[in-house]
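Coordinate inspection notes
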Amino acid sequence: MKTITLRDIPDTIAQRIEERSQKSGASLSRTVIDMLKEFEPDNKPKVYHDLDYLIGSCSKEADDEFQAILKEQKKIDPELWK
């Protein structure tokens, strides 16, 4: 593995690294590596756009009906939980 030395790290960034290190109990080196891994392309959440055309296509009445159905489905029947 490669070793990299960093110089002139801004105080605010150094403070965040130290706080995160203390909170996790990891070394400063491990903390920096973990933080850098968060920016790897494979770790970024995927954004999908395949249903974008549906946004805003529902009428107020249809939404109200849908919400009423969901509310009914979320009710708990006390008899079933005995």
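Residues numbered from 1 in each chain as written. Predicted model: local features only at pLDDT ≥ 70, side-chain atom pairs only at ≥ 80, totals over all residues. Heavy atoms only, no water.

Points about the overall build of the protein
If you tally the helices and strands in the protein, you get three helices and zero strands. Put simply, the protein runs from its N terminus to its C terminus through helices and strands in the order α-α-α. Its C-alpha atoms give the protein principal-axis dimensions of about 60 × 45 × 25 Å. The burial tally for the protein puts 4% of its 82 residues in the buried class. Within the structure as shown, the protein displays about 8500 Å² of accessible surface, and the carbon and sulfur contribution to it stands at 57%. Counting 14 positive and 17 negative side-chain charges, the protein places the averaged centre of each group 6 Å from the other. (Helix = DSSP H or I, 4+ residues; strand = E, 2+ residues; numbered from the N terminus. Buried < 20%, exposed > 50% of the residue type's maximum accessible area, 1.4 Å probe, protein only. Areas by Shrake-Rupley, 256 points an atom, 1.4 Å probe, with all protein chains shown as cover. Lys, Arg positive; Asp, Glu negative; His and termini not counted. Charge placed at Lys NZ, Arg CZ, Asp CG, Glu CD.)

Observations regarding a nonpolar patch on the surface
On the surface, I4, L6, I9 and I13 cluster together into a nonpolar patch covering about 390 Å² of accessible area. Assignment of secondary structure puts I13 in helix α1 (residues 11-24). (Patch = residues over 30% accessible without salt bridge, like charges linked within 9 Å, V, L, I, M, F, W, Y side chains within 5 Å. Salt bridge = Lys/Arg side-chain N within 4 Å of Asp/Glu carboxyl O.)

Some thoughts on the layout of surface pockets
Estimates place the volume of the largest pocket at around 490 Å³. If you go around the largest pocket, you meet 14 residues; those closest to its centre are I4, L6, S29, V32 and I33. Elements supplying a minimum of two residues to the lining of the largest pocket: α1 and α2 (28-37). When residues in the lining of the largest pocket are grouped by element, the largest group, five residues, is from α2. (1 Å grid on protein atoms, 1.4 Å probe; cavity = no way out; pocket = protein on both sides within 12 Å on 5 of 7 lines; lining within 4 Å. Points joined across faces, edges and corners; volume = space filled by probe spheres on them.)

A word on the pattern of salt bridges
By the definition in use, this model includes four salt bridges. Two residues, D34 and R30, come together in a salt bridge whose shortest N-O distance is 3.2 Å. With D34 and R30 both in helix α2, this residue pair falls four residues apart, about one helical turn. Classification of D34 as partly exposed rests on a relative accessible area of 30%.

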